[in-house]
Amino acid sequence: MVETTGGGPQDGAAEVLDRPLPDGVRRKVVQIVADGFGGLTVAELPAQLRQYARFTPNRRAKFAGNAMAAALETDPLFRQRIGEKLREAEPELTGALDSGSPPPAADPLDVAAAAYVLRPPGWVKLVTAAGEEAQRADAERADEETRAELERLRAELDRAREHTRAETERLRADLDAAKKETDSLHRKLRSALADVKRGEAALRKLRGEMEAVRAEGQAQVSAAESETRRLKARLGETEAALEAARRAAREGRSVEDMRVRLLLDTVLDAAQGLRRELALPPVSVRPAETVDALEPGRMTPKDIAARALSEDDPAVLDQLLALPQAHLVVDGYNVTKTGYPQMPLEKQRLRLLGQLAQLAAQTGAEVTCVFDGAELAAPVLLAPPRGVRVLFSKPGVTADELIRQLVRAEPPGRPVIVASTDREVADGVARAGARPVASAVLLKRLS
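Computed from a predicted structure; not experimentally measured.

Reading the values: rules and limits
Residues numbered from 1 in each chain as written. Predicted model: local features only at pLDDT ≥ 70, side-chain atom pairs only at ≥ 80, totals over all residues. Heavy atoms only, no water. Helix = DSSP H or I, 4+ residues; strand = E, 2+ residues; numbered from the N terminus. Polar contact = N/O pair within 3.5 Å; in protein donor to acceptor, adjacent residues only side chain to side chain. Contact = heavy atoms within 4.5 Å. Pairing = 2+ DSSP bridges. Axes fitted to C-alpha atoms, helices over the stretch in contact; angles between N-to-C directions. Phe/Tyr/Trp six-rings, centres within 6.5 Å; stacked < 30°, edge-to-face > 60°. Buried < 20%, exposed > 50% of the residue type's maximum accessible area, 1.4 Å probe, protein only. Core = buried A, V, L, I, M, F, W, Y, C linked by side-chain atoms within 4.5 Å. Parallel < 35°, antiparallel > 145°, perpendicular 65-115°, else oblique. Nonpolar A, V, L, I, M, F, W, Y, C, P; charged D, E, K, R; others polar. Arc of directions from axis to C-beta.

Visitor: Sorry, what's going on with the side chain of R349 here?
Guide: If you trace the backbone, R349 turns up in helix 11 (residues 345-363). A polar contact of 2.7 Å, which involves the side chain of R349, links it to the side chain of Y333. In contact with R349, other than residues within four places in its own chain, are Y333, F371, V380 and F392.

As structure tokens, then:
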């Protein structure tokens, strides 16, 4: 495709530069674009150059040089518009290029830059020749500078040699004086070294005596500190043992008093319950009445056995809770997962505790509900209902073990009922003296 400008057809548009644009030519090209840039409207500029439209030519060449060079190479229309501005600014140079005879006196870099923008026939040769001419000029200029630098260095070397000779003579004189001064200093130094050696010998003697005194003092201090630590350790052990003995005495007395008092209350309540149940007459029992015999109209052991309740009958639980000082211990999750396992754990707890509160109010028995707290990520925020003690097992302790601890804490003789279908729990509390009851029985009673 042939590009056209105000100067005629561009037959050199098909030519391609096979090497990078020389630096001198590139600077001239960027300057030409920066100068012609201001004569174009924003709409005539490529999109990537519109942000530099308000820059001055110098700032435009400094900050947008690469962008302008790239746009000039890739955008033929932009290059054509810049060429038109160049023709207006340099009519003689551009006219000579169009006629194919560049001015001999013109700067080769200016000719090459104008040829790169206008692209006349043979512009690649002009750019290449300008680059080579610039390189030759740079080489000649560098050669001249090198020769001048060499002459300057030779002159400096001559001056340095003369200065070195004078300095050498002066240094020789100074060296002779320094040697004499050194000999005098050596004599003084030998005398000082002898004094230092005598002082060091005396210092070593004093240090040895001081180290001996220090070692003896440290030994005495160490022995005293060791004795002090031993006495403090014995005093601490004695105080700890005394405090442990006092605490054990207080706790033992408190626990034993509580257990004995609770057992005494249980016995008293049981005795009063027996008196009321048997309706004993105020008269004393006669010896003849102690003889075992069957009186007319009395029930036989077979009749009594026929009246026994089934283990699954909720009335069994009522009879047990009616005993004096009865304590009902409930395996919480075992009961809830037996009765309503489909509910969330929180609702299971709330439902069971509400029912246990009603049972405690009806029977007057002590009720403790135990939940497994080993898997809890945080403490449960729960307000226990009136009459029900709610406990969660600590980390590392199961609810089954906590139930066994509660049973073992009760005094022998107090009626303790444990509601759980866990066979291991039932067997363990039975061995400890408690009465196991199936969770289904408790659920029937609660419902």
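Next comes the rest of the write-up.
Visitor: Could you clarify how one ought to interpret the sheet that holds strand 3 (residues 327-331) in this entry?
Guide: Within a sheet, each strand pairs with its neighbour through backbone hydrogen bonds, oriented either parallel or antiparallel. Pairing in this open sheet of five strands is parallel, and the strands run 5-4-3-6-7 from one edge to the other. At either margin of the open sheet sits one strand with a lone partner, and together these are strand 5 (388-392) and strand 7 (435-437). Each strand of the sheet is rotated relative to its neighbour by a mean of 20 degrees, with strand direction disregarded. Here strand 6 (residues 416-419) pairs with strand 7 via three bridges, running parallel.

Visitor: Help me understand the packing of aromatic side chains in this model?
Guide: Aromatic rings considered in pairs are described by the distance between their centres and by the relative angle of their planes. Going through the model one piece at a time under the given rule, you end up with three aromatic pairs. A ring pair is formed by Y333 and F371, whose centres lie 5.0 Å apart and whose planes are at 55 degrees; its orientation type is tilted. Here the residue Y333 occupies a position in helix 10 (residues 332-339), and F371 occupies one in strand 4 (residues 366-371), the gap between them amounting to 38 residues. Across the pair, exposure class does not vary: Y333 and F371 are buried alike.

Visitor: Would you mind going over the nonpolar core with me for this structure?
Guide: Note on soluble globular proteins: their nonpolar side chains tend to be buried together. Counting residues in hydrophobic clusters, the biggest one holds 34 residues, and the most contacted among them are V29, V33, M68, L72, F78 and I82. Those elements that place two or more of their residues in this core are helix 1 (23-37), helix 3 (65-74), helix 4 (76-89), helix 5 (91-99), helix 6 (108-118) and helix 7 (123-278). The dominant element in this core, judged by the number of residues it contributes, is helix 6, at nine residues. V33 has contacts with M68, L72, F78 and I82, leaving out every residue within four places of it along the chain. Grouped together as the second largest cluster of nonpolar side chains are 29 residues, Y340, L353, V367 and V437 included.

Visitor: Sorry if this is basic, but what is going on with the packing of helix 1 against helix 4 here?
Guide: Axes are the key here: two packed helices are described by the angle between their axes and the distance separating the axes. Close contact between helix 1 and helix 4 brings their axes to 9 Å; oriented N to C, the two are set at 80 degrees. Comparing their axes, helix 4 and helix 1 come out roughly perpendicular. Of the residues in helix 4, those in contact with I32, V33, G36 and F37 of helix 1 are F78, I82, K85 and L86. Class assignment for the residues of the contact of helix 1 with helix 4 results in six nonpolar, one polar and one charged.

Visitor: Before we go on, may I ask you to explain the environment of S393 in this structure?
Guide: Turning to its location among the elements, S393 is positioned in the loop between strand 5 and helix 12 (399-409). Measuring from C-alpha to C-alpha, the distance between S393 and F371 comes to 6.6 Å, with 22 residues separating the pair along the chain. Among the polar contacts made by the side chain of S393, one reaches the side chain of D372 at a distance of 3.2 Å. A distance of 2.9 Å separates the side chain of S393 from the backbone nitrogen of G373, its partner in a polar contact.

Visitor: Please explain unusual backbone geometry as it appears in this structure.
Guide: Backbone phi values are negative for most residues with the exception of glycine, while trans is the configuration of most peptide bonds. The phi dihedral of Q325 is positive, around 55 degrees, even though this residue is not glycine. The residue Q325 is located in the loop between helix 9 (314-321) and strand 3 in this model. Here Q325 falls in the partly exposed class, since its relative accessible area comes to 26%.

Visitor: What is the right way to look at the environment of Q355 in this model?
Guide: Considering the arrangement of structural elements, one finds Q355 in helix 11. Judged by its relative accessible area of 18%, Q355 is buried. Put simply, Q355 and R445 are 90 residues apart on the chain and 9.7 Å apart in space, counted from C-alpha to C-alpha. Those residues within four positions of Q355 in sequence are excluded, and the remaining contacts are Y340 and L446.

Visitor: Sorry if this is basic, but what is going on with helix 9 here?
Guide: Since there are 3.6 residues in each turn of an α-helix, residues three or four apart along the chain are aligned in direction. Of all the residues in helix 9, the buried ones are V316, L317, L320 and L321. Angularly, the buried residues of helix 9 cover 130 degrees about the axis, an arc narrow enough to put them on a single face. Those residues of helix 9 that are buried lie in contact with strand 3, helix 11, strand 6, strand 7 and helix 14 (439-446).

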